Amino acid sequence: MGLFKKKVKIDSKFKKDEFVAFHMDKELKHGVIKSVRKENDIIYYDINVGGEATWLAKNIEEKDILKIK
C-alpha cells in the first residue's frame, strides 16, 4: 500500500538521540538512542555505542537503560 510507515507515538522514557547508559556483558556501556519501538507492551531501543569504532546494540529493553545526568 503506502511507501511510508505510519508514525506511532510511543510513550517511552527515553527519546531518539538521547545519551544513555546500559549494562551489557557485566559492563556499563554508553551510547545514543537511534530508534525506539514497542512490541508486546515492551519498549525496545537500538543504541549506537562507542566512539571511534561504533556499533549498534539492538533490542535493549527500557528497564535495562539508565539516564545519564
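The preceding data block contains the structure.
First things first, this report covers the structure right here in the doc. The model shown is predicted, which means the values in this text are computed figures rather than measured ones.

Procedures and definitions
- Residues numbered from 1 in each chain as written.
- Predicted model: local features only at pLDDT ≥ 70, side-chain atom pairs only at ≥ 80, totals over all residues.
- Heavy atoms only, no water.
- Helix = DSSP H or I, 4+ residues; strand = E, 2+ residues; numbered from the N terminus.
- Buried < 20%, exposed > 50% of the residue type's maximum accessible area, 1.4 Å probe, protein only.
- Contact = heavy atoms within 4.5 Å.
- Areas by Shrake-Rupley, 256 points an atom, 1.4 Å probe, with all protein chains shown as cover.
- Core = buried A, V, L, I, M, F, W, Y, C linked by side-chain atoms within 4.5 Å.
- Polar contact = N/O pair within 3.5 Å; in protein donor to acceptor, adjacent residues only side chain to side chain.
- Pairing = 2+ DSSP bridges.
- Axes fitted to C-alpha atoms, helices over the stretch in contact; angles between N-to-C directions.

**What to know about the overall build of the protein**
Okay, so step 1: Counting secondary structure elements, the protein contains zero helices and five strands.
Okay, so step 2: If you list the helices and strands of the protein from N to C, you get β-β-β-β-β.
Okay, so step 3: For the protein, the residues scored as buried account for 29% of the 69 residues in total.
Okay, so step 4: Here the contacts in the protein between residues at least 6 apart in sequence split such that 34% fall between residues at least 24 apart.
Okay, so step 5: Accessible surface computed for the protein: about 5,700 Å², of which carbon and sulfur atoms make up 53%.

**Some thoughts on the nonpolar core**
Okay, so step 1: Of all hydrophobic cores here, the largest spans twelve residues; its members are I10, F14, V20, F22, I33, I43, Y45, I47, V49, A57, I60 and I65.
Okay, so step 2: Not counting chain neighbours up to four residues away, the residues in contact with F22 comprise E27, L28, K29, I47, V49, A57, I60, D64 and I65.

**Some thoughts on the side chain of S12**
Okay, so step 1: Summarising the element assignment, S12 is placed in the segment before β1 (19-24).
Okay, so step 2: At a separation of 2.8 Å, a polar atom in the side chain of S12 contacts the main-chain carbonyl oxygen of F14.
Okay, so step 3: In contact with S12, other than residues within four places in its own chain, are V36, I43, Y45 and E62.

**Observations concerning the side chain of D46**
Okay, so step 1: Here D46 lies in strand β3 (residues 42-49).
Okay, so step 2: Of the residues examined, D46 reaches a relative accessible area of 9% and is grouped as buried.
Okay, so step 3: Non-local contacts of D46, meaning those with residues more than four positions away in its chain, are made with V32, I33, K34, S35, R37, L56, A57, K58 and N59.

**Things to note about the sheet that holds strand β4 (residues 55-61)**
Backbone hydrogen bonds hold the strands of a sheet together, and the pairing may be parallel or antiparallel.
Okay, so step 1: Spatially, β4-β3-β2-β1-β5 is the arrangement adopted by the five strands of the open sheet, whose pairing is antiparallel. For this open sheet the edge positions go to β4 and β5 (65-67), each flanked by a neighbour on one side alone. Neighbour to neighbour, the strand axes of the sheet diverge by 45 degrees on average, direction disregarded.
Okay, so step 2: Strand direction decides the pairing type here: strand β2 (residues 27-39) and β3, joined by eight bridges, are antiparallel. What sits directly across from E39, in β3, is I42.

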